[in-house]
Amino acid sequence: MVHEQLKQYVEKIPNKLLEELEAHCPASKLKKAAEKLCEEYLNANIAPGEAVGLISAESIGEPGTQMTLNTFHFAGVAEMNVTMGLPRMVEILDARKSISTPTMEIFLKSPYNKGKDIRDVALQIKETSTSYFVKEFTINVTNLSIELNLDQEKIREVHTSVKTLAKALEKALVKEASIKLVEGDNIELKLKGKDEKSLNVLYKLKEKLKDIYVTGIKGIKQVLPVKRKDEFIIITAGSNLKKVLELEFVDTTRTVTNDIHEINSTLGIEAARQAIIDELLKVIEAQGLNVDLRHIMLVADTMCMGGSIKGITRYGVVSEKASVLARASFETPLRHLTNAALVGEIDYLDSVVENVMLNQPVPIGTGLPRVIAKK
Amino acid sequence: MATTEVYLNGKYTGDIENKEEFIAAIKSERFKEPFAGRLNIYYNEELNRVFVESSRGRATRPLIVVKNGIPLLTERHIKQLHKNELSWTDLVQQGIIEYLDTAEEETALVAFTEREITPDHTHLEISPLAMLGLISALVPYGNFTQSSRLSIGAKNQKQSIGLYTTNYHVRMDMDVNSLHTPQKPIVKTVMHDLADYDKHPAGQNIVVAVMNYKGYNMEDAIILNKGSIERGFGRSTYFRPAIAEELRYSGGLMDQICIPDKDIKGYKSEKDYKLLEGDGIVYPEAQVSEDNVVIGKTSPPRFLSSLDEYSLASNIRRESSMALKHGEQGVVDFVVITENEEGNKLVQVRIRDQRIPEVGDKFTSRHSQKGVIGFIFPESDLPFTSRGIVPDLIFSPHSVPSRMTISHLLELIGAKTGSLAGRHVNGTTFDSEPEEKLRKELLELGFRDDGTEIMYNGLTGERFHARIFVGNMYYLKLKHMVANKIHSRARGPIQLLTRQPTEGRAKEGGLRLGEMEKDTFVAHGASLLLKERFDSDKTAIPVCESCGLTAIQDALKDKRFCPVCGDSVEISDIEVSYAFKLILDEFKSLGIYPKLQLENKY
Ligand SMILES: [Zn+2]
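Since this is a predicted model, take the numbers as computed values, not measurements.

Trainee: What exactly am I supposed to notice about the overall build of chain A here?
Mentor: Scanning chain A for helices and strands turns up 16 helices and 10 strands. Whereas a compact globule of 375 residues would reach a radius of gyration of roughly 21 Å, chain A reaches 30 Å, over 25% beyond that. Of all 375 residues assigned to chain A, the portion counted as buried reaches 39%. In the structure as shown, chain A presents an accessible area of about 22000 Å², 54% of it carried by carbon and sulfur atoms. Within chain A, the 51 negative side-chain charges are centred at a point lying 3 Å from the centre of the 50 positive side-chain charges.

Pasting the structure below:
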């Protein structure tokens, strides 16, 4: 369906650009516009032999030296405390499995995003354990039992019941104690089996009791409903993307987490790549620095190239390098060399570092073109 | 009643019931023996703990004790002090003066001056100046400048060249400088008197104009008057000794200080020994320059058991003379021949070198306004005032606003007044002559009270539109001089192991093109330029084409062969860095077989 006048550009320019041009440009000026577009597009191309990786590294690394080591960042009173700055940048680039402050931004479907039952919704997401519901623990030494004095108000708040609570406790404490509902909707726990040290065991049980998961989404430690522009969103401390996306009132198209590995496991590698880009940009922009998007895209591409997330570390991206000498020059040279010798690796000397070591022209820029003789 | 824990020198020692009583008891007893004022006590309310400190190495400072709003130090004490009937130690032992450490200071309320004492105050400053250290107190008008600048100003003063000792001519100090005509500052502080600064001054009073001139004082640079330099401003002498010792070795062998024989190992050249007298030591007042030997010395061979050393019939001693290093020069100032503790003959030769200010030498005022000379103008080309005063130094006004060194500007006014009135000006921090007074005096002396004057361009004679801030200042020459630092190299010595250029000025080394500098070449795609930059250790090595190991070239027999495959194989030369040849050898030592596969480049 491409216009007649644009036929000749089909191979040269991406289709999407052509379609856009066709949609916005009057037919009379189409040819001229296409010509200009082609020229601009080719100009924007990076020339063969440009050291894109190195330029990206320097372009991200240099502003990094200006970054303050200021870890904490509060944007207003109602925001969560999130790691920013250099530590966060290192975290992303190293592709750490456990990040220091996992957080989510949960967008809601209408009408909840207008503030309907916002507190209620938030509490449903939050992971709640027994201690939240208990007003008082009473330890009965004589018959070795603990009585939980429950706060009925709080139980109703999170749409649960004493029964669910009891069930959760029973499940967690199958071996240790028996659960009994007592009058006034309270719970009594009785220790199973009696031995000498039972009082001590009772105390331990009480401590264990406090942290037993009852309801909500595991991993979400805190929730904070915040009004952003015209809608309410929920910011969390702790992250569990998979479970949150399963909730029916959550807008699955916009909800995000800052845990890149979690995005990879729930939404796939392309989403993870985008998450790396977004997160890096967020850090850089928060510091008032300016790095071209394409540098960050290249880093994200490199990290996600193999289908899984690899950090810029000796275990990640660096271990994928083809050249033994290049790997050895980064970190732990002895290990790389001996391992390479064991399998008889060949270094073809087709990258920068190896050629600098050998004092040969590096295959970049003016070192790239060769003369080919006609036979 | 709740008890309070007591910690002595950080260790828990016990509980007390009444902390107020306990603290009061310690405070009333601590100036007596055996504590003698070395005890400090501090109560931490948050922790409900009392910390008692008696350990050494804490920073403490003395303060006058105040009781019920009355300082314990009275006029009577001061009179007694003047008459030498009372000493400082007496005051401390009587509990009139207390030394507080940083922790106890937190619980004390210290009055700045006697006037502001209230019944709540516990201590009184002896003098506000006592808050500063010795060197910081040498900065005049310190209370008009940021404290961080004050610290930097103090640090600068420590690097200044002055009269570091009066017996320098009989001393053998390493790497010292001495200023030729040091002066005491016109703007003084009390500390200058207390520290006998006029006995070892470290700077000179000069006329400073605050202006820009021809752009040679951008970015903290300063312009100097050539006439002032010729009159002796900033002239100093640099002393450096050469030391040689006749060491004794096992087997009765020893070093020998003498003119080395021509046939010893490592003999330099006859020219280098020409300044030595018969005893192998240079004569005083000899002009010496680089590579000249000042103390001739030979040492016995290093490895006695080495067979080939025995087989040589000739002299096998080696050369170990002390010679001037690359770029050094001077005059032999002083020669000492003596014996050291071990009874070895010790020869020390002190070399003196006059240092006249040159472009790149560093100067500073006392307010952390340091700068290097950007240009030295002839006196005739410098601006002059309507009275014909030509500044010795031109200081850039851009150095002031961001650093907020108001004291620098005040000193300028103060010293101008002082020099015109022929007196010293008191610039003691917190206790200086007020600006208004100085201004009034300046006005009475026939100058504008803001210190500005009409000036004329020295090159064209035109009057400047703006009035220029001119005055006197105390300037210090810092020990960082270009003569000690200037360095360049086109070719020169290389390291034995890597065949790369040596590093450092002393070894006439090259300037390293490092990892990050390499990146700039790569980023520009300047591949061949990069190769050329790293060419310093390039070599051609013969490689056996069949096994890929480095082959051997026997230049004597003009033969090449492979140590593995023999001499019937194809051997080709490849051009690589020597460092790469080295790493191939290291691979082999690791048990790794680095096989080179050769290919035709074209
Ligand atoms: Zn061979």
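Trainee: Looking at this structure, how should I read the overall build of chain B?
Mentor: Per the secondary structure count, chain B includes 13 helices and 34 strands. By the compact-globule yardstick of 25 Å for 602 residues, chain B is too spread out, its C-alpha radius of gyration being 35 Å. C-alpha atoms of chain B, sized along the principal axes, occupy 105 × 80 × 60 Å. Evaluated residue by residue, chain B yields a buried proportion of 44% over its 602 residues. For chain B, the proportion of contacts with a sequence separation of at least 24, taken over those separated by at least 6, is 65%.

Trainee: Explain the packing of aromatic side chains to me, please; I cannot follow it from the model alone.
Mentor: Per the stated rule, a full pass over the model turns up 16 aromatic pairs over all chains. On the basis of an interplanar angle of 65 degrees and a centroid distance of 5.7 Å, the ring pair of Tyr7 of chain B and Tyr12 of chain B is categorised as edge-to-face. Accessibility expressed as a relative area gives 12% for Tyr7 of chain B, which makes it buried. Each member of the aromatic cluster is reached from another via a ring pair, and the members are Tyr7, Tyr12, Tyr42 and Phe51 of chain B. Lying over the aromatic face of Tyr132 of chain A, Lys154 of chain A brings its terminal NZ or CZ to 5.0 Å of the ring centre. Sitting over the ring of Tyr213 of chain A, Lys218 of chain A keeps its end group 4.9 Å from the ring centre.

Trainee: How should I be thinking about the pairing of strand E34 (residues 571-577) of chain B in this particular structure?
Mentor: Look at any regular strand and the pattern is simple: side chains alternate between the two faces of the sheet. Residues and elements named next belong to chain B. Within E34, 5 of the 7 residues are buried, which leaves it mostly tucked inside the rest of the structure. The sheet contact formed by strand E31 (residues 538-544) and E34 spans 7 bridges and is antiparallel. In the sheet register, Ala540 faces E34, and the bridge partner there is Glu575.

Trainee: Just checking my understanding: could you explain the coordination of the zinc ion for this structure?
Mentor: A metal bound by six donors in octahedral fashion has ideal angles of 90 or 180 degrees, whereas one bound by four tetrahedral donors has an ideal angle of 109.5 degrees. Residues and elements named next belong to chain B. The protein atoms donating to the zinc ion are Cys544 (SG), Cys547 (SG), Cys562 (SG) and Cys565 (SG), with metal-donor distances spanning 2.2 Å. One can describe the site at the zinc ion as tetrahedral: its 4 donor atoms subtend angles covering 103 to 113 degrees at the metal. Sequence positions of the donors to the zinc ion reduce to the motif C-x2-C-x14-C-x2-C. With Cys547 in the loop between E31 and strand E32 (552-554) and Cys565 in the loop between strand E33 (559-561) and E34, the pair connects residues that are 18 residues apart, well separated along the chain. Classification of Cys565 by relative accessible area gives partly exposed; the value is 27%.

Trainee: Is there a simple way to think about helix H15 (residues 333-343) of chain A in this case?
Mentor: Because an α-helix completes one turn every 3.6 residues, residues spaced three or four positions apart along the sequence face the same direction. Buried within H15 of chain A are the following residues: His336, Leu337 and Ala340 of chain A. Looking straight down H15 of chain A, one finds its buried side chains confined to an arc of 95 degrees; they lie on one side. Opposite the buried face of H15 of chain A, by more than 90 degrees, sit the exposed residues Leu334 and Leu342 of chain A. Looking at the buried residues of H15 of chain A, the elements they touch are helix H14 (324-328) of chain A together with helix H13 (578-590) of chain B. Just beyond H15 of chain A, the residue with positive phi is Gly344 of chain A, at close to 65 degrees.

Trainee: Just checking my understanding: could you explain the interface of chain B and chain A for this structure?
Mentor: The parts lose accessible area when they come together, and the size of an interface is often stated as this lost area. In this assembly, 22 residues from chain B lie in contact with 23 residues from chain A. Contact between chain B and chain A buries roughly 1900 Å² in total, counting both sides, with carbon and sulfur atoms accounting for 68%. Counting the contacts that link chain B with chain A gives 7 residue pairs in polar contact (both at pLDDT 80 or more). Listed by contribution, the elements that provide at least two residues to the side of chain B that touches chain A are helix H11 (515-523), helix H12 (527-533), E34 and H13 of chain B. Tallied by class, residues from the side of chain B that touches chain A come to 12 nonpolar, 4 polar and 6 charged.

Trainee: Would you take a moment to explain the domain arrangement of chain A for this structure?
Mentor: What the domain assignment reports for chain A is domain 1 (4-42), domain 2 (54-101 + 258-320), domain 3 (128-215) and domain 4 (324-367). Each of domain 3 of chain A and domain 4 of chain A has a C-alpha centre, and the two are 63 Å apart.

Trainee: Honestly, the nonpolar core in this entry has me stumped. Any pointers?
Mentor: Counting residues in each nonpolar core, the largest one holds 39 residues, and the members touching the most others are Met89, Ile106, Ile125, Ile234, Ile276 and Ile296 of chain A. Elements with a contribution of two residues or more to this core: helix H4 (85-93), strand E1 (103-107), helix H5 (118-125), helix H10 (241-246), helix H11 (260-267), helix H12 (269-286) and helix H13 (293-304) of chain A. For Met89 of chain A, the residues in contact, after removing those within four places along its chain, are Ile60, Met67, Leu280, Val283 and Ile284 of chain A. In this structure, Val400, Phe469, Met473 and Tyr475 of chain B belong to the second largest nonpolar core, which totals 27 residues.

Trainee: Would you mind showing me how to read the sheet that holds strand E4 (residues 145-150) of chain A here?
Mentor: The strands making up a sheet associate through backbone hydrogen bonding, with each pair oriented either parallel or antiparallel. Residues and elements named next belong to chain A. Across the sheet, 4 strands lie side by side as E3-E4-E6-E5; this open sheet has antiparallel pairing. Edge positions in the sheet fall to strand E3 (134-140) and strand E5 (177-182), since each of these pairs with one other strand and no more. When the angles between neighbouring strand axes are averaged without regard to direction, this sheet yields 20 degrees. Summarising the sheet, E3 and E4 pair through 6 bridges and their orientation is antiparallel. Bridge assignment links Glu136 to a residue of E4, and that residue is Asn149. Of the strands in this sheet, E4, E5 and strand E6 (186-191) are in contact with helix H8 (residues 162-172), which crosses E5 at around 170 degrees.

Trainee: Would you mind showing me how to read the packing of H11 of chain A against H12 of chain A here?
Mentor: For any two helices packed against each other, the geometry comes down to the angle between their axes and how far apart the axes lie. Residues and elements named next belong to chain A. The geometry of H11 relative to H12 is characterised by a closest axis approach of 7 Å and an angle of 155 degrees between their N-to-C directions. Taken together, the axes of H11 and H12 are roughly antiparallel relative to one another. As for how H11 packs across H12, the hand of that crossing is right-handed. Along the contact surface, H11 presents Ile260, Ile263, Asn264 and Leu267, while H12 presents Ile269, Ala271, Ala272, Ala275, Ile276 and Glu279. Residues of the contact of H11 with H12, tallied by class, amount to 8 nonpolar, 1 polar and 1 charged.

Rules and cut-offs
Residues numbered from 1 in each chain as written. Chains lettered and ligands numbered in written order. Predicted model: local features only at pLDDT ≥ 70, side-chain atom pairs only at ≥ 80, totals over all residues. Heavy atoms only, no water. Helix = DSSP H or I, 4+ residues; strand = E, 2+ residues; numbered from the N terminus. Rg over C-alpha atoms; globule rule 2.2 N^0.38 Å. Buried < 20%, exposed > 50% of the residue type's maximum accessible area, 1.4 Å probe, protein only. Areas by Shrake-Rupley, 256 points an atom, 1.4 Å probe, with all protein chains shown as cover. Lys, Arg positive; Asp, Glu negative; His and termini not counted. Charge placed at Lys NZ, Arg CZ, Asp CG, Glu CD. Contact = heavy atoms within 4.5 Å. Phe/Tyr/Trp six-rings, centres within 6.5 Å; stacked < 30°, edge-to-face > 60°. Lys NZ or Arg CZ within 6 Å of the ring centre and 35° of its normal. Pairing = 2+ DSSP bridges. Donors = N, O, S within 2.8 Å, 3.2 Å for Na, K, Ca; no water. Tetrahedral: all angles 85-135°; square planar, octahedral: opposite > 155°, others 65-115°. Arc of directions from axis to C-beta. Buried area = accessible area lost by both parts, 1.4 Å probe. Polar contact = N/O pair within 3.5 Å; in protein donor to acceptor, adjacent residues only side chain to side chain. Nonpolar A, V, L, I, M, F, W, Y, C, P; charged D, E, K, R; others polar. Domains from an automatic or database assignment. Core = buried A, V, L, I, M, F, W, Y, C linked by side-chain atoms within 4.5 Å. Axes fitted to C-alpha atoms, helices over the stretch in contact; angles between N-to-C directions. Parallel < 35°, antiparallel > 145°, perpendicular 65-115°, else oblique. Left-handed = near helix turned anticlockwise from the far one by under 90°.

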